[in-house]
Amino acid sequence: MWFDYLIYSESLVLHGFSDWFEGNHKRMIASFVFCIVVFRSEVVGILGPLTLLKWITKEMGVMKTLKWGIFFGIISLGATISIDSIFWDRWLWPEGEVLWYNTYKNKSHEWGTSPFYWYFTSALPKSLLGALPLGFFGIWKEPRKSWKILLPILVFLILYSFLPHKELRFIFYVIPIFNLMAAVGLHNLNINRHKGRLNKTLFSAGTIALLLSFIYSIMLLIVSSWNYPGGFALQKLHSLESNSYGNRSIHVHVDVAAAMSGVSKFGEMRTGNQWKYSKEEDLGVKELVQFDYLLSESQNIDNFENIHSELGFEKISHPSLWISKRSFFTTIEKIFILKRK
């Protein structure tokens, strides 16, 4: 589900960046505010620096910005509450609950922490790959234009680096901007490739770097398709057992590993009240026996039998196995469907 949210929010952010470049400030505010209220609240860390820069350069008025922000904020809030409340069967503002959990309750760190510099030394280099050196080259060739674009992005990254819990998906929005810098660098190499052997070599190296990055990205795309065993297990459970209990309610417990690997509200059966789901944590064996099925990372739980398992990605295979096993990666049983005896 979070991947769908990223697609929607990334699209809105890219539209917002485009409007920022073109000076269409009203539409920029609309795109960013709708994204913040409905999909990803952390995008405010991008809108803030972008707007501040426009205020400093006097390209946008403060009062007009606030007026547009409040107007589009009210519309966005009304839309998300009215629609999402139907999906969740209760009144709520989904992104507001996420914001409450991560900021006021400050519980995001329970999902793991990373050092302050992680985005700069790990996340961005692994994401940009061959585009990283091309981006530095683009900044060197066009410093004035580049820094005007990059400054708000760097402010966002620095601000977000103060949060202890870090994930690559939190900064997906800035990757296209760094790719833009890489495009500037490759363009400069292209127009100068006939001016000597060195320029021609650099252009060839830049092109090869992007090609290798593309191949590596395809490999990671294939690997990522094995990252949702929980979601596949839920689908399998529905197909295996939908008619086993007649009209009686079927109670399913989803553990943390299954919930983190694809089980979401959107995968649940919504026909009537036959299927009931729980993600309550820290339940003992005595509490689990109230459920008909478990989606669990453990295959051996008292009073339950294993009826199916779903594979998930474990690691990249050793190169010696690429030909013999015809696979670049290794999968293992990750999520089990357990039925009460």
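Everything that follows concerns the structure shown earlier in this document.
All values reported here derive from a predicted model rather than from experimental measurement.

Novice: Explain the nonpolar core here, please?
Specialist: Looking at soluble globular proteins, one finds that nonpolar side chains tend to be buried together. Core analysis: the largest hydrophobic core is formed by 45 residues, its most contacted members being Phe32, Ile171 and Val174. Contributions of two or more residues to this core are made by α1 (2-22), α2 (25-39), α3 (44-56), α4 (62-88), α6 (118-128), α7 (131-141), α8 (143-161) and α9 (175-191). Take this core: its biggest share by element is nine residues, from α2. When sequence neighbours within four positions are dropped, the list of residues in contact with Phe32 reads Val13, Gly16, Phe17, Val43, Ile46, Leu47 and Leu50.

Novice: Sorry, what's going on with the pattern of salt bridges here?
Specialist: It is possible for side chains of opposite charge to pair when their charged atoms get near one another. Using the criterion set out here, one finds seven salt bridges in the structure. Two residues, Asp292 and Arg340, come together in a salt bridge whose shortest N-O distance is 3.0 Å. With Asp292 in the loop between α13 (285-288) and β3 (293-296) and Arg340 in strand β5 (residues 329-340), the pair connects residues that are 48 residues apart, well separated along the chain.

Novice: Explain the sheet that holds strand β2 (residues 275-278) here, please?
Specialist: Adjacent strands of a sheet form backbone hydrogen bonds with each other and so pair up, either parallel or antiparallel. Reading across from one edge, β2-β1-β3-β5-β4 is the order of the five strands in this open sheet, with mixed pairing throughout. Since the sheet does not close on itself, it has two edges, and those belong to β2 and β4 (304-316), each with one partner. Each adjacent strand pair in this sheet contributes to an overall mean axis angle of 20°, direction not counted. One ladder, built from four bridges, connects β3 with β5; its direction is antiparallel. When the sheet's bridge partners are listed, Ser296 is paired in β5 with Phe336.

Rules and cut-offs
- Residues numbered from 1 in each chain as written.
- Predicted model: local features only at pLDDT ≥ 70, side-chain atom pairs only at ≥ 80, totals over all residues.
- Heavy atoms only, no water.
- Core = buried A, V, L, I, M, F, W, Y, C linked by side-chain atoms within 4.5 Å.
- Buried < 20%, exposed > 50% of the residue type's maximum accessible area, 1.4 Å probe, protein only.
- Helix = DSSP H or I, 4+ residues; strand = E, 2+ residues; numbered from the N terminus.
- Contact = heavy atoms within 4.5 Å.
- Salt bridge = Lys/Arg side-chain N within 4 Å of Asp/Glu carboxyl O.
- Pairing = 2+ DSSP bridges.
- Axes fitted to C-alpha atoms, helices over the stretch in contact; angles between N-to-C directions.

Interpretation in functional terms is not warranted from these geometric data alone.
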